[in-house]
Amino acid sequence: MMYLEQLKSSALFNLSLSSKELFHSNLIAWLLEKTPLKDYLGNYFIKAAGQELSGWSELKVKREMKGLDLVLCYECDDIVSILVIENKVKSVPYPSQLERYDRTISKSSWNIKGKVLLTLSKPPFLTGYSQGELEYGDWKVITYEDFLEVLRNGLNVIKREPYLHHLVNDYIYFLDCLVELDKAIVLRESEPFDAFNNPLLAELKELRLHDFYLKKQYQQLAKLIHDRISNKLNVNIQSLGTEIEWNSTGNKLYVNYGMTRATGMVDIKFLISKLI
């Protein structure tokens with residue numbers, strides 16, 4: 001596949017292999033803080049989170065603060081505001097993880113102005129749309145395919161910065177290949193589930209991207225199972241990927257997905273309420 005060969009030729013992709021997700025978060029943080037793209041990208045993320053653009057300044061980016069990928073701190077009317085960005089590239093999003101982050105954020109004293117999930121793989125558990133934007137609860141969801149267009153348009157901002165222009169252009173080239181890879185990983189209900197014998201897996205192992213392939217395959221399998229149960233059985237099934245509430249009342253069925261010891265898994269649990 002052409003995009004896999006193109007990935008091999010990308011300097012940034014090869015540099016990213018040692019840290020993968022951290023690489024992308026660090027690069028975005030650098031673009032937001034230290035380059036002429038900072039106002040352009042700052043405006044983009046603040047607007048994407050549903051906030052007003054007027055009056056903000058002094059943008060600072062904190063990495064891995066309270067376990068969160070990117071925490072954007074900026075001043076607006078002399079008040080420090082916070083925007084959280086959760087970044088998913090080598091992994092797929094999990095509702096339970098976002099719910100844990102919500103609990104972390106709720107315990108803080110931050111002046112939270114928005115939460116953004118930036119993800120390569122479009123989540124199968126979206127709760128709705130708002131003005132054309134994807135959402136999960138009060139998280140705004142941005143796919144890397146959409147972010148690619150933002151970066152492409154940003155090239156005009158840095159056209160007189162040859163080194164930065166070249167660097168961002170290579171990053172766009174790199175991301176475009178990842179987006180094509182994401183689109184190629186499709187599980188259809190009419191086909192047998194045989195993730196390990198797919199020729200694509202062997203190619204991705206060479207590029208150290210096979211874990212993303214397996215995570216997405218099992219995520220899609222969980223979605224197919226969840227949808228089939230929802231449509232065919234009269235059972236109280238919870239939203240895909242929801243954390244189990246062990247103390248809740250009533251019988252409930254949970255379908256989750258994940259990885260353990262480099263192996264994909266689909267987890268189906270039926271919670272039987274306690275007899276009183």
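You'll find the structure just up there.
Residues numbered from 1 in each chain as written. Predicted model: local features only at pLDDT ≥ 70, side-chain atom pairs only at ≥ 80, totals over all residues. Heavy atoms only, no water.

**Considerations on the overall build of the chain**
And then number 1: Scanning the chain from N- to C-terminus turns up 9 helices and 9 strands.
And then number 2: Scaling as 2.2 N^0.38, a compact globule of 276 residues should have a C-alpha radius of gyration of about 19 Å, and the chain matches this with 20 Å.
And then number 3: The buried share of the chain, reckoned over its 276 residues, is 49%.
And then number 4: Within the chain, counting contacts between residues at least 6 apart in sequence, those at least 24 apart form 59% of the total.
And then number 5: By element, 49% of the accessible surface of the chain is carried by carbon and sulfur atoms, the whole surface being about 14,500 Å².
And then number 6: Considering the chain, the positive charge centre built from 34 side chains and the negative charge centre built from 35 side chains are found 4 Å apart. (Helix = DSSP H or I, 4+ residues; strand = E, 2+ residues; numbered from the N terminus. Rg over C-alpha atoms; globule rule 2.2 N^0.38 Å. Buried < 20%, exposed > 50% of the residue type's maximum accessible area, 1.4 Å probe, protein only. Contact = heavy atoms within 4.5 Å. Areas by Shrake-Rupley, 256 points an atom, 1.4 Å probe, with all protein chains shown as cover. Lys, Arg positive; Asp, Glu negative; His and termini not counted. Charge placed at Lys NZ, Arg CZ, Asp CG, Glu CD.)

**What about the environment of H24?**
And then number 1: Among the structural elements, H24 can be located in helix 3 (residues 21–34).
And then number 2: Overall, the relative accessible area of 2% leaves H24 in the buried class.
And then number 3: Considered as a pair, H24 and A195 are 171 residues apart in the sequence and their alpha carbons are 27 Å apart.
And then number 4: Other than its neighbours up to four places away in sequence, H24 contacts N87, V89, Y144, Y171, F174, L175 and L178.
And then number 5: In terms of polar contacts, H24 uses its side chain to reach the side chain of Y171, at 2.8 Å. (Polar contact = N/O pair within 3.5 Å; in protein donor to acceptor, adjacent residues only side chain to side chain.)

**Points about a negative patch on the surface**
And then number 1: Side chains of E58, E75, D77 and D78 sit close together on the surface and give a patch of like negative charge.
And then number 2: Assignment of secondary structure puts E58 in strand 1 (residues 56–65). (Patch = residues over 30% accessible without salt bridge, like charges linked within 9 Å, V, L, I, M, F, W, Y side chains within 5 Å. Salt bridge = Lys/Arg side-chain N within 4 Å of Asp/Glu carboxyl O.)

**Comments concerning the side chain of K88**
And then number 1: Its place among the elements puts K88 in strand 3 (residues 79–88).
And then number 2: Once you skip the residues sitting within four places of it in the chain, K88 turns out to touch E21, P93, Q97, L117, L118, T119, L120 and Y144.

**With respect to the pairing of strand 4 (residues 112–119)**
And then number 1: The buried fraction of strand 4 is high, at 6 of 8 residues.
And then number 2: For strand 3 and strand 4, the ladder comprises 7 bridges, and the chain directions are parallel. Within strand 4, the position partnered with E86 by the bridge is L117.
And then number 3: After leaving strand 3, the chain enters helix 5 (residues 95–106) and then returns to the sheet as strand 4, a path that is right-handed.
And then number 4: For strand 4 and strand 7 (residues 139–143), the ladder comprises 5 bridges, and the chain directions are parallel. The residue of strand 7 that forms the bridge with V116 is K140. (Pairing = 2+ DSSP bridges. Right-handed = clockwise from strand over helix to strand, strands pointing away.)

**A look at the pairing of strand 1**
And then number 1: Both strand 1 and strand 2 (residues 68–76) contribute to a ladder of 7 bridges, which runs antiparallel. Note that in strand 2 the partner of V61 across the bridge is L72.

**Notes on the packing of aromatic side chains**
And then number 1: If you walk through the whole model with that rule in mind, you get 10 aromatic pairs.
And then number 2: Arranged with centres 5.5 Å apart and planes meeting at 75°, the rings of F13 and F174 form a pair that is edge-to-face. With F13 in helix 2 (residues 11–16) and F174 in helix 7 (residues 162–184), this pair connects stretches of sequence that are 161 residues apart.
And then number 3: Consider the rings of F193 and Y218, whose centres lie 5.1 Å apart with planes at 80°: the pair is edge-to-face. Taken together, the positions of F193 in the loop between helix 7 and helix 8 (199–206) and Y218 in helix 9 (residues 210–232) put the pair 25 residues apart, joining distant regions of the chain.
And then number 4: By relative accessible area, F193 is classed as partly exposed at 32%.
And then number 5: Through a chain of ring-to-ring contacts, three or more aromatic side chains come together here, namely F13, F23, Y171 and F174. (Phe/Tyr/Trp six-rings, centres within 6.5 Å; stacked < 30°, edge-to-face > 60°.)

Function cannot be inferred from these measures alone, as they are strictly geometric.
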